[in-house]
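Residue strings, one per chain:
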Amino acid sequence: MLHLYKNNGYNIVLDVNSGSVHVVDDVAYDVLDLLKDREGDRYGRESRESIIPVIMEKYKDESVTEQDMEELFGDLRTLEEEGSLFTEDTYQDGVIDFKQRQTVVKALCLHIAHDCNLACRYCFAGEGEYKGDRSLMSFEVGKKALDFLVENSGSRRNLEVDFFGGEPLLNFDVVKQLVAYGRELEKERDKHFRFTLTTNGVLLNDDVIDFANREMDNIVLSIDGRKEVHDRMRPFKNGEGSYDYIIDKFKKVAESRKQSKYYVRGTFTRENLDFVKDVLSLADQGFEQISVEPVVAGPEEPYAIREEDIPIICQGYDELAREMLKREKEGRGFNFFHYMIDLSGGPCVYKRLSGCGSGTEYLAVTPWGDFYPCHQFVGEEQFCLGNVDEGIVNTELRDRFKMCNVYAKEECRKCFARFYCSGGCAANAWHSHHDIHKPYEIGCKLQRKRIECAIMMQAACSDGEF
Amino acid sequence: MRRIRTLTNLKDTVKKGGCGECQTSVGNQSCENK
């Protein structure tokens, strides 16, 4: 399967099943466009006799000769023989048995606080409470969760624990206790914990920053971009905006971490479809690790992204890619989470097909110790998998998530982005279709666009420009 | 390859993949078992 597209002056060919990427001229692009759905011998006489005259007619003013065309067909045949063009999907037919695959738990999202000091309008956690009561996780519950993780991690050494909320810094003492306990477990059980913290910044101070810089592999700082956009969506409970209260603290975190191992992370809605201005606002404030992402919300919400918004958002993604290349050239580049793509390395095909592992390898833990497939399912009682005392009780539900892979979703099986997307987000699928195997189409369209932009940027960066 | 510039085979990862040591995510992560 080939995916051909044009972006920013580049003609790009993605050989989907191998992961190979080629940048081609207009003639090769048009030939591949005619060849891509052709069955049988693509380079045989019949194929040449039907394609070459069409191409030569189209490019007659550019003196494309028959010899040129023969050479091109030879090159394409060579690439196919080398396994980087028209590669077949051989993973689907039993190479990977998702049902029998042994999975272990390797990551937990600890809901350390179901409480928040902000009242963000778009919060899927409903001011941090997840449709329930305000609650803070006790050290005892957190300790049992870490014990469960270690006991159920098999031979996996690298384990991850996210401190999440609500606002985790409302329960900072327990965060510190759990990190200390995790460090003890590392020594006893030969494990390595990778801790992360997500915060709205309100309670950040020098002590928290010092602790985070010692212990947190990643820290996520929630900020939406321009002050007026941020304040409209992320007010305090009294209605006042929170931007001025957090911006300098976030700059301090970014600098103290030497501009790495953090993200400023924003959400855009249909109220700021010009979100590129928010990304650039964050870059202009000096942040170098940036993510600004489309809101996930029910269609009844006035700020939810709609189908009709997709063209303008895609235009924004193109504009952002071009601006990032320009800034890179000027020596003031920055990273954008969704444009970071590893074309030559990256994870194995098992990982690419099974994605985030929610519900099997990755679980969210409520303050009272219940397990859910991920933080976006918390509060949906039917998705409760078990708890820290009894372990996984609902094995039928776990096995349903275990089968959550690219080939379980009809739309994904034929999508060019499947090895860079892994079948999308189960929570988004559930919230849009009440079916974890039916992808959220708006999310798919935006994801495909972002992958196209990310590959184009790699093509530009390898073009001798940089 | 006058008209083609190759930027960059997933099949190679079938035999030696699947260790699960990688970070929870897919497009930009790395394999931690190489």
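I will try to describe carefully the structure that is included in this document. (Residues numbered from 1 in each chain as written. Chains lettered and ligands numbered in written order. Predicted model: local features only at pLDDT ≥ 70, side-chain atom pairs only at ≥ 80, totals over all residues. Heavy atoms only, no water.)

**A few points about unusual backbone geometry**
Residue and element names in this part refer to chain A.
In step 1: Note that the residue after Gly-165, namely Gly-166, is joined by a cis bond; omega there is 10 degrees.
In step 2: You can see Gly-166 is positioned in the loop between strand 7 (158–164) and helix 5 (172–189).
In step 3: The phi angle at Lys-258 is positive, at roughly 55 degrees, despite the residue not being glycine.
In step 4: The phi dihedral of Gln-259 is positive, around 60 degrees, even though this residue is not glycine.
In step 5: Following the sequence through the fold, Gln-259 ends up in the loop between helix 8 (243–256) and strand 10 (262–268). (Helix = DSSP H or I, 4+ residues; strand = E, 2+ residues; numbered from the N terminus.)

**Thoughts on the pattern of salt bridges**
All names here are of chain A.
In step 1: Applying the stated rule across the entire model yields 38 salt bridges over all chains.
In step 2: Ionic pairing is found between Lys-60 and Glu-57, a salt bridge with its closest N-O pair at 3.0 Å.
In step 3: With relative accessibility at 53%, the residue Lys-60 sits in the exposed group.
In step 4: Among the residues examined, Glu-57 registers a relative accessible area of 49% and is labelled partly exposed.
In step 5: Among the ionic pairs, Glu-396 bridges to Arg-400, the shortest N-O distance being 3.5 Å. Separated by four residues within a single helix, Glu-396 and Arg-400 lie in helix 12 (residues 395–402), roughly one turn from each other.
In step 6: Members of the salt-bridge network, linked through shared partners, are Asp-284, Glu-323, Lys-326, Arg-327, Glu-330 and Arg-332. (Salt bridge = Lys/Arg side-chain N within 4 Å of Asp/Glu carboxyl O. Buried < 20%, exposed > 50% of the residue type's maximum accessible area, 1.4 Å probe, protein only.)

**Details of the packing of aromatic side chains**
All names here are of chain A.
In step 1: Tallying each qualifying case throughout the model produces 17 aromatic pairs over all chains.
In step 2: Note on Tyr-263 and Phe-337: the rings are 5.3 Å apart at their centroids and 85 degrees apart in plane angle, and the pair reads as edge-to-face. Of this pair, Tyr-263 sits in strand 10 while Phe-337 sits in the loop between strand 12 (335–336) and helix 11 (349–354), and the two are 74 residues apart along the sequence.
In step 3: Take Tyr-263: its relative accessible area is 15%, and that puts it in the buried class. (Phe/Tyr/Trp six-rings, centres within 6.5 Å; stacked < 30°, edge-to-face > 60°.)

**Quick word on the sheet that holds strand 1 (residues 2–7) of chain A**
In step 1: The sheet built from four strands is open, its strands ordered 1(A)-2(A)-3(A)-1(B) with antiparallel pairing. Whereas interior strands pair on both sides, the edge strands pair on one side only; in this sheet they are strand 1 of chain A together with strand 1 (4–6) of chain B. Strand-to-strand, the axes of this sheet are offset by a mean angle of 25 degrees, without reference to chain direction.
In step 2: In this sheet, strand 2 (residues 10–15) of chain A lies alongside strand 1 of chain A in antiparallel orientation, the contact comprising six bridges. Directly across from Leu4(A), in strand 2 of chain A, lies its bridge partner Val13(A).
In step 3: Along the sheet face, helix 16 (residues 441–461) of chain A touches strand 1, strand 2 and strand 3 (20–24) of chain A together with strand 1 of chain B and points at about 70 degrees away from the line of strand 1 of chain A. (Pairing = 2+ DSSP bridges. Axes fitted to C-alpha atoms, helices over the stretch in contact; angles between N-to-C directions. Contact = heavy atoms within 4.5 Å.)

Take it as geometry only, folks, not as evidence of what the structure does.
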